[in-house]
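Summary of structural features
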Amino acid sequence: MEAVLGHLRNAIESGEYAVGDKLPSEAELCRTLEVSRPVLREALRALQTMGLTVSRTGKGTFVVAGTVEDPTFGDYAASDLMEVRRHIEIPVAGYAALRRTPENLDRLAHLLDRMERETDTTAWVAMDTLFHLTVAEAAQNPVFRRVIEEIRDALARQSAFLNELGGRREQSNREHRAIVEALTDGSELDAVEAMTHHLDRVRTTLSDIVRHRSADDPADGGPTV
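What you see is a predicted model; the values in this text were computed from it and never measured. (Residues numbered from 1 in each chain as written. Predicted model: local features only at pLDDT ≥ 70, side-chain atom pairs only at ≥ 80, totals over all residues. Heavy atoms only, no water.)

**Concerning the confidence of the model for the protein**
Basically, it comes down to this: Each residue carries a pLDDT score, the predictor's own confidence in it, on a scale running from 0 to 100. The criterion used for residue contact is that any of the two residues' heavy atoms lie within 4.5 Å.
Per-residue confidence for the protein gives a mean pLDDT of 89; residues scoring 70 or more make up 94%. Contacts for the low-pLDDT stretch residues 213-225, under 50 throughout, to residues beyond four places or in other chains number 16 contacts.

This is the structure in structure tokens:
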């Protein structure tokens, strides 16, 4: 899927497919790129998330931008989502370290164990959003939980996007583990630092995808993980 997405993105950014152009049909692209329809459709969805194309029912997929500016996850732009996450989830982690109950810690530990064993991306993404919701619950403030609920769909879409294109799952598991360890220790400072690091890595991976560094660029050490 990454290869198909890279090919189509390059074609758009190079002007082979200009703004306003309609992409070839799915059947034609599958034949040309020698891939299955499910793989192609994943790539086409990623192009839409990046804001490069739109799909019009019964008409096809059309190019609407020549470069990636700010991906959209559900109802929210990536930049808006990240700004809010930093202002909400970092202090939430600190409160959770001070207020968490044994039941909160048990739920987080169980969830993290499941995430580290999970091999299905869709199932892992669902647990990823549940992890952040459970941290908010541990802060013992229902308003925090409500805010995370509001952006839960966007978080899931962002998580799937970053895992598909940025190889984030294993690194996320390690970052989540550090958060849980800080909550278990009851360290507000460590919890804040662990969540800050986690969100910094999310932002870095997202930025790398948007910048679309060439695989031939010697400065590129590969996907951010």
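Resuming the write-up.
**Side note on the pairing of strand 2 (residues 60-63)**
What counts here: At least two bridges found by DSSP between two strands is the condition for calling them paired. Numbering of helices and strands runs from the N terminus, with a helix taken as a DSSP run of H or I at least four residues long and a strand as a DSSP run of E at least two residues long.
Here strand 1 (residues 53-56) runs beside strand 2; their pairing, made up of four bridges, is antiparallel. Its bridge partner lying in strand 2, V54 is registered against F62.

**Some remarks on helix 4 (residues 78-99)**
For an α-helix the count is 3.6 residues per turn, leaving residues at separations of three or four pointing the same way. The condition that has to hold: Multiplying 1.5 Å by the residue count of a helix minus one yields the expected span of that helix. Values of bend correspond, residue by residue, to the angle between axes fitted over the seven residues ending at that residue and the seven starting there.
When the terminal C-alpha atoms of helix 4 are compared, their 30 Å separation across 22 residues agrees well with the 32 Å that a helix rising 1.5 Å per residue should span. Approximately 30 degrees is the largest bend angle found in helix 4, and it occurs at R85.

**Things to note about unusual backbone geometry**
This is how it is decided: Exposure categories follow from relative accessible area, calculated using a 1.4 Å probe and restricted to protein chains: below 20% of the type maximum is buried, above 50% is exposed, and the middle band is partly exposed.
A positive phi angle, near 55 degrees, is found at E34, a position not held by glycine. Its location among the elements puts E34 in the loop between helix 2 (26-33) and helix 3 (37-50). Since its relative accessible area comes to 73%, E34 is described here as exposed. Even without being a glycine, Q140 presents a positive backbone phi close to 60 degrees. Following the sequence through the fold, Q140 ends up in the loop between helix 6 (121-138) and helix 7 (142-150). A relative accessible area of 41% places Q140 in the partly exposed class.

**Points about the nonpolar core**
Test applied: Throughout, nonpolar core names a set of buried Ala, Val, Leu, Ile, Met, Phe, Trp, Tyr and Cys residues whose side chains join them through atoms within 4.5 Å.
In this structure, L8, L47, M50, F131, V135, F161 and L183 are the most contacted members of the largest nonpolar core, which totals 63 residues. With nine residues, helix 4 is the largest single contributor of residues to this core. Residues within four places of F161 in sequence aside, it is in contact with A46, T49, M50, F73, G166, L206 and I209.

**Considering the pattern of salt bridges**
Any two side chains of opposite charge can pair, so long as their charged atoms come close to each other. Selection rule: Salt bridges are defined as contacts in which a side-chain nitrogen from Lys or Arg sits within 4 Å of a carboxyl oxygen from Asp or Glu.
Evaluation of the coordinates by the stated rule reveals 14 salt bridges. Across the pair E13 and R9 runs a salt bridge, and its minimum N-O distance is 3.1 Å. With E13 and R9 both in helix 1 (residues 2-13) and four residues apart, this pair spans about one turn of that helix. With a relative accessible area of 31%, E13 lands in the partly exposed category. Judged by relative accessible area, which is 2%, R9 ranks as buried. Taking the shortest distance from any N to any O, the salt bridge between R145 and E149 comes out at 3.3 Å. Linking R145 with E149, this pair stays in helix 7, spanning four residues, or about one helical turn. For E149, a relative accessible area of 30% gives the class partly exposed.

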